[in-house]
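What follows is the residue order along each chain.
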Amino acid sequence: MSAATTLSTGSPVTAPAPDHRPDTPAMVSVDCPAKTNLTLEVGASRAEWGGRHELDTIYCAISLTDTVSATVKPTGTGFSLDLAGKHLGDLASSSADMRRNHAAMALFAMAEAAGREPDIALTIDKRIPVGAGLAGGSADAAATILALDKLWGLNWPIERLREVAATLGADMPFCVAGGYARGTGYGEVIEPIDEGSETERALRADGYAGAVLVGAYRTQLSTPDVYRLFDAIGAGSGDRNHLQKAAIRLHPRSGQAVDAALEAGARHAFVSGSGPSVVAFTPTPAVRRQVLAAWERSGAVDRIIAAEAPARPHIHPHLSVTVAR
Ligand SMILES: C[C@@](CO)(OP(=O)(O)O)[C@H](O)COP(=O)(O)OP(=O)(O)OC[C@H]1O[C@@H](n2ccc(N)nc2=O)[C@H](O)[C@@H]1O
Ligand SMILES: Nc1ncnc2c1ncn2[C@@H]1O[C@H](COP(=O)(O)OP(=O)(O)O)[C@@H](O)[C@H]1O
């Protein structure tokens, strides 16, 4: 079991800003779920989108979360970012530029949109595997947007928060609200699939709800590399995720994990987005045990995480914050 790694920009929170408005929370924490794609149809690459491809996808958030906390710092002290977790992937490398972290980018985008200074201390408690096809970076950006909306007392409508998110990445607008949604454009145009709607009922009837198992890896896949290989080899016959064939070509163990889960009785098992992680829907405790046993026996995954689908972000305002002296 790897020990937790903590990274910091080195300018910790000394105390909440003295001019902090008493009617707004001193700190806001947000638990933001990971994302998978129940379908992912990939079309042409569009030059006007910087080479991003046309997508038609059904997003589904799952209850594997990162927690982002935002605390107001004294005016003029700038931002700070502390990152902790046992599986930080390439975020743990000394060369990782904290200003390019998706949470920091979301802070700067929200500060510009709101006309505020980014004198904010961000902490990320990271559990979503990095570079896994689970939109962990987008989840952290979405959590930061939600936290600042509450911390700064903006209370903007979801559409405005999605507009800010869309400037940062394709699957960030979805992460702002989670649940189920259809994504089009390059993934940023979101049509929520509301609870109780015909589409949502059909997804549940088709087994796309309830207990899931995530097969995670120490390896990351580069999303651009997977899309580039997709351009060269196309989608696998019958694959609901058009990137699955390319992801498995780059990371064959994901294909072994999909096959093992399906043979063990999973209702659905597929590569999550650009991978390498694999998501299996296990409709009964017996099937869950069989998939766990199959993955452990085959060695097809490095780590197994249990979760539920669908899921949504949870916002926790803290009226006071205790600062370690
Ligand atoms: C593949 C998907 C499926 O939901 O998710 P992940 O598996 O990464 O989580 C997304 O399309 C990833 O979205 P995201 O990771 O936000 O992509 P961006 O940062 O916007 O773009 C990163 C790179 O991915 C490629 N890209 C992304 C989106 C898109 N519709 N077409 C693309 O070709 C481009 O090479 C782009 O430069
Ligand atoms: N807060 C963050 N969490 C995860 N990855 C991040 C974050 N900020 C920047 N990144 C970078 O974004 C890349 C993609 O990360 P992630 O969103 O986890 O993967 P994916 O796009 O496959 O779902 C990683 O290589 C990582 O270096």
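Every value quoted in this text rests on a predicted model; they were computed, and no experiment measured them.

## A look at the packing of aromatic side chains
Part 1 of the reasoning: Taken as a whole and assessed by the stated rule, the structure comprises five aromatic pairs.
Part 2 of the reasoning: Ring centres 5.4 Å apart and planes at 70° place the aromatic pair Trp49 and Tyr186 in the edge-to-face group. Linking Trp49 in the loop between β2 (27–45) and β3 (53–72) with Tyr186 in the loop between β6 (180–184) and β7 (189–193), this pair joins segments that are 137 residues apart in sequence.
Part 3 of the reasoning: Residue classification places Tyr186 among the buried residues on the basis of a relative accessible area of 14%.
Part 4 of the reasoning: Aromatic side chains Phe79 and Phe108 sit 5.2 Å apart centroid to centroid with 85° between the ring planes, which places their arrangement in the edge-to-face category. Taken together, the residues Phe79 in the loop between β3 and β4 (80–85) and Phe108 in helix α1 (residues 102–114) connect sequence positions 29 residues apart.

## Considering the site of ligand 2
Part 1 of the reasoning: Of all residues adjacent to ligand 2, which total 18 residues, the nearest are Asp90, His102, Gly133, Ala135 and Asp140.
Part 2 of the reasoning: Take His102: an N or O atom from its main chain is 2.9 Å from a nitrogen atom of ligand 2.
Part 3 of the reasoning: Coverage of ligand 2 by the protein amounts to 82% of the 540 Å² it exposes when considered alone.
Part 4 of the reasoning: The cavity that encloses ligand 2 is the largest pocket.
Part 5 of the reasoning: The element that contributes the greatest number of residues to the shell around ligand 2 is helix α2 (residues 136–151), accounting for three residues.

## Some points on the side chain of Asp140
Part 1 of the reasoning: Relative to the helices and strands, Asp140 is located in helix α2.
Part 2 of the reasoning: Apart from the residues within four sequence positions on either side, Asp140 is in contact with Asp66, Val68, Ala103, Ile124 and Lys126.

## Description of the site of ligand 1
Part 1 of the reasoning: Close to ligand 1 lie 20 residues, the nearest being Arg52, His53, Tyr186, Tyr227 and Ser274.
Part 2 of the reasoning: Interatomic distance of 2.7 Å between a backbone N/O atom of Ser274 and an oxygen atom of ligand 1.
Part 3 of the reasoning: Relative to its unbound accessible area of 690 Å², ligand 1 is 84% covered by the protein chains.
Part 4 of the reasoning: Judged by its atoms lying within 2 Å of the grid points, ligand 1 is housed in the largest pocket.
Part 5 of the reasoning: Looking at the shell around ligand 1, the elements that each hand over two or more residues are β2, β3 and α6 (223–233).
Part 6 of the reasoning: The residue inventory of the shell around ligand 1, partitioned by class, reads nine nonpolar, eight polar and three charged.

## Side note on the pattern of salt bridges
Part 1 of the reasoning: Evaluated as defined, the whole model comprises 13 salt bridges.
Part 2 of the reasoning: Here Arg46 ties to Glu54 by a salt bridge, and the two come within 2.6 Å at their closest N and O atoms.
Part 3 of the reasoning: One salt bridge connects Arg182 with Glu191, and the closest N-O pair in it is separated by 3.8 Å.
Part 4 of the reasoning: Judged by its relative accessible area of 32%, Arg182 is partly exposed.
Part 5 of the reasoning: A relative accessible area of 37% places Glu191 in the partly exposed class.
Part 6 of the reasoning: Beyond isolated ion pairs, a larger network of salt bridges with shared partners links Arg46, Glu48 and Glu54.

## Comments concerning the UniProt feature "active site" (unreviewed entry) in the protein
Part 1 of the reasoning: Following the UniProt record, the feature "active site" (unreviewed entry) maps to Lys35 and Asp171 here. Considering the C-alpha atoms alone, the annotated residues occupy 137 residues of sequence yet fold into one spot, their largest mutual distance being 8.5 Å. Considered against the largest pocket, the annotated residues that line it turn out to be Lys35 and Asp171.
Part 2 of the reasoning: Looking at where Lys35 falls in the secondary structure, it is placed in strand β2.
Part 3 of the reasoning: Lys35 has contacts with Tyr59, Cys60, Ala61, Gly133, Leu134, Ala135, Asp171, Phe174, Cys175, Ser272 and Gly273, leaving out every residue within four places of it along the chain.
Part 4 of the reasoning: By the element assignment, Asp171 lies in the loop between α3 (158–166) and α4 (172–175).
Part 5 of the reasoning: Those residues within four positions of Asp171 in sequence are excluded, and the remaining contacts are Lys35, Tyr59, Ala135 and Ser138.
Part 6 of the reasoning: Among the polar contacts listed, one links the side chain of Asp171 to the side chain of Ser138, at a separation of 2.5 Å.

Conventions and cut-offs
In this numbering scheme, every chain counts its residues from 1 along its sequence in written order. Chain A is the first chain written and ligand 1 is the first ligand written, with later ones labelled in order. In keeping with the model being predicted, local features are shown solely for residues with a pLDDT of at least 70 and side-chain atom pairs are shown and tallied solely at 80 or more, while totals for entire chains, interfaces and linings include all residues. Think of the side-chain values as coming from all heavy atoms in the structure, minus any hydrogens and water. Any pair of Phe, Tyr and Trp rings, taking the six-membered ring for Trp, is counted once the centres come within 6.5 Å. Such a pair is stacked with planes under 30 degrees apart, edge-to-face with planes over 60 apart, and tilted for the rest. A run of DSSP states H or I qualifies as a helix once it reaches four residues; a run of E qualifies as a strand once it reaches two. Both are numbered from the N-terminal end. Remark: exposure states derive from per-residue accessible area (1.4 Å probe, protein chains only) relative to the maximum for the residue type, with buried under 20%, exposed over 50%, and partly exposed in between. Summary of the distance rule: residues count as near a molecule or strand when at least one heavy atom falls within 4 Å of that molecule or strand. In protein, a polar contact requires one atom able to donate a hydrogen and another able to accept it; more generally it is a pair of N or O atoms within 3.5 Å, and residues adjacent in sequence count only if both atoms are side-chain atoms. All accessible areas in this document rest on Shrake-Rupley with a 1.4 Å probe, and a residue is counted as covered only by the protein chains that are shown. Cavities and pockets are found on a 1 Å grid laid over the protein atoms alone: a cavity is a set of points where a 1.4 Å probe fits but cannot escape, a pocket is an open set with protein on both sides within 12 Å along at least five of seven lines, and a lining residue has an atom within 4 Å of such a point. More than half of a molecule's atoms within 2 Å of the grid points is what it takes for that molecule to sit in a cavity or pocket. Two residues form a contact once any of their heavy atoms are found within 4.5 Å. Gly falls in the polar group here, along with every residue not listed as nonpolar (Ala, Val, Leu, Ile, Met, Phe, Trp, Tyr, Cys, Pro) or charged (Asp, Glu, Lys, Arg). Take a side-chain nitrogen of Lys or Arg and a carboxyl oxygen of Asp or Glu: if they are within 4 Å of each other, that pair is a salt bridge. UniProt positions are given in the numbering used here, feature names are shortened, and annotations may be inferred rather than shown by experiment.

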